[in-house]
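Survey of secondary and tertiary structure
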Amino acid sequence: TATTTKTTSTTTTTTTDGDPILNEIENQDCAFQVPFKHHGEDELYAVLEEAVSLFPNLARIHNLGTSSRGKHLWALQISDNPHDVDDGEPWMYIAGNIHGNEVVGREILLHYAQYLLCSYSHNQHVKRLVDFTNIFLLPSINPDGYGIAETNENRFVCSVTYDGGVIGRTNANNFDLNRNFPDQFRQNGDPIQKETKIMMGFTSRNPFALSANLHGGSLVASYPYDGKANGYGYSASPDDKTFKLLARTYADNHLKMANTNFPCGERQRFDHGITNGAAWYNLFGGMQDWVYLNTNVMETTLELSCCKFPEDTTLQTYWLDNKRALFRYTEKVHIGVTGHVYDATTSEGIPNINITVTGLEGKTVISAHYGAFWRLLAPGTYTVTASGDGYTSQSHTVD
């Protein structure tokens, strides 16, 4: 038989003027200083190398693979133990630049890395997050598209009615990577691109519980589903309540996102910074729906700027707008139900056990190293079941 132990955990969010995340002065004495400028391919990697060089016990670079043109997709892991797997520590990632001309996410992830690493030694909130979370930052998952976008002489052109266009949006083969994943509602006849395969493998091999996909061209936190079987309008996933909580966490902690229903003029209308993906517009082949249905991950899409490729001089403002939201969103990997699945005979943790929640059967989480699992859930009472081949299923009700 399999036995399970489960606990719930919550995070207290402080959004007052005394918020230690929002108001902390950037540590100018830290040797790791990321300039507020657009970083090309080599410059981006140099920043990641410097992070690891200065913080070898907190940071590690992972090469996820190469793009269609042979450029690397890098991930920077930040943890108090980046060279080993800590039992029971949840995993999360944030990916930027899936559309190569949407660049704010690419840059603020470099500054988020600086903030976490430089604040670790003196900020108890940052230290606690890094000590108990396995964080992966992926600044660019479409480096070819970025290479095209950065050479566009009109890349900075933007207005209330024009968000910057589409040059560099796709990969080198002219495929939109956020329309390239297999989709539950519509057959995708396009060839799956290298970058897409890399992300499918990365999210399937690792037990990520939470993620975010950073975009530009609007200012909103969007959540599954992006598509709908028939027609148009709201398309709720089984975890709609939890996704609303995640989206609301980001929007409410962003300095501007929740402040208006029309963040980019009259182009869109949102509910104070959040929207269901399909309620905005139908999208098929997107990453957030695929990872939700095929991996452990709960992912939202975060649109961070009305202008897709803004001027260098605005990047510090974008960082400050998103700083608290990134941190508070990362904390949400600790909500819901977490625990271990043990073999009753050997008392050893069992990986690859299915974890389901009654009423939310559309999402199955698989136990990972040491039998640990994480199932993100909004506050409530749930019946959680562990099941696997060769074992007797067990259920527990948790509050």
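Basis of the calculations
Residues numbered from 1 in each chain as written. Predicted model: local features only at pLDDT ≥ 70, side-chain atom pairs only at ≥ 80, totals over all residues. Heavy atoms only, no water. Helix = DSSP H or I, 4+ residues; strand = E, 2+ residues; numbered from the N terminus. Buried < 20%, exposed > 50% of the residue type's maximum accessible area, 1.4 Å probe, protein only. Salt bridge = Lys/Arg side-chain N within 4 Å of Asp/Glu carboxyl O. 1 Å grid on protein atoms, 1.4 Å probe; cavity = no way out; pocket = protein on both sides within 12 Å on 5 of 7 lines; lining within 4 Å. Points joined across faces, edges and corners; volume = space filled by probe spheres on them. Nonpolar A, V, L, I, M, F, W, Y, C, P; charged D, E, K, R; others polar. Expected span 1.5 Å × (residues − 1). Contact = heavy atoms within 4.5 Å. Disulfide = S-S within 2.5 Å. Phe/Tyr/Trp six-rings, centres within 6.5 Å; stacked < 30°, edge-to-face > 60°.

Regarding unusual backbone geometry
Cis geometry is found at the peptide bond from Pro 224 to Tyr 225, where omega equals 0°. With respect to the helices and strands, Tyr 225 occurs in the loop between strand S7 (218-223) and helix H7 (240-253). A positive phi is found at Asn 174, a non-glycine position, where the angle reads about 70°. Along the chain, the position of Asn 174 falls in the loop between helix H5 (143-149) and helix H6 (194-205). Residue classification places Asn 174 among the exposed positions, given a relative accessible area of 60%. Located in the positive-phi region is Tyr 370, a residue other than glycine, with phi close to 60°.

Brief notes about the pattern of salt bridges
Tallied over the entire structure, the rule returns ten salt bridges. Between Glu 43 and Lys 37 there is a salt bridge; the shortest N-O distance is 2.9 Å. Here the residues in one salt-bridge network are Glu 102, Arg 169, Asp 176 and Arg 179, joined through shared partners.

Regarding empty space enclosed by the protein
The tally for this structure, following the rule as stated, stands at two cavities of 30 Å³ or more. For the largest cavity, the calculated volume is near 60 Å³. Together, Glu 41, Leu 44, His 72, Trp 74, Arg 106, Pro 139, Ser 140 and Pro 143 line the largest cavity. When contributions to the lining of the largest cavity are tallied by element, the ones reaching two or more residues are helix H2 (41-54) and strand S3 (72-78).

Topic: the layout of surface pockets
By volume, the second largest pocket amounts to about 260 Å³. Surrounding the second largest pocket, 21 residues form its lining, Arg 179, His 215, Trp 280, Tyr 281 and Glu 303 being those nearest its centre. Elements supplying a minimum of two residues to the lining of the second largest pocket: S7, helix H8 (277-280) and strand S9 (298-305). Its residues assigned to classes, the lining of the second largest pocket comprises three nonpolar, ten polar and eight charged.

As for helix H3 (residues 104-119)
Between its terminal C-alpha atoms H3 stretches 22 Å, which fits the 22 Å expected from 16 residues at 1.5 Å a residue. A large share of H3 lies buried, amounting to 16 of its 16 residues.

A look at the environment of Ala 172
With respect to the helices and strands, Ala 172 occurs in the loop between H5 and H6. According to the relative accessible area criterion, Ala 172 is partly exposed, its value standing at 24%. Taking C-alpha positions, Ala 172 is 6.9 Å from Arg 69, a pair spaced 103 residues apart along the chain. Discounting residues that sit within four places of it in the chain, Ala 172 has contacts with Ser 68, Arg 69 and Asp 144.

Remarks on the state of the cysteines
Taken as a whole and judged by the stated rule, the model has three disulfides. Between the sulfur of Cys 264 and that of Cys 306 lies a disulfide, 2.1 Å long from S to S. Here the disulfide of Cys 264 and Cys 306 is left-handed, its torsion about the S-S bond being about -85°. In this pair, Cys 264 is assigned in the loop between H7 and strand S8 (274-276) and Cys 306 in the loop between S9 and helix H10 (315-331), connecting sequence segments 42 residues apart. When the cysteines of the protein chain that form disulfides are numbered from the N-terminus onward, they connect as 1-2, 3-6, 4-5.

Notes on the packing of aromatic side chains
Scanning all chains against the criterion turns up 20 aromatic pairs. Pairing Tyr 225 with Tyr 292 gives two aromatic rings, centres 6.0 Å apart and planes at 65°, and the pair type is edge-to-face. Within this pair, whereas Tyr 225 is found in the loop between S7 and H7, its partner Tyr 292 is found in helix H9 (residues 287-294), the two being separated by 67 residues in sequence. Accessibility classification places Tyr 225 together with Tyr 292 in one group, the buried group.

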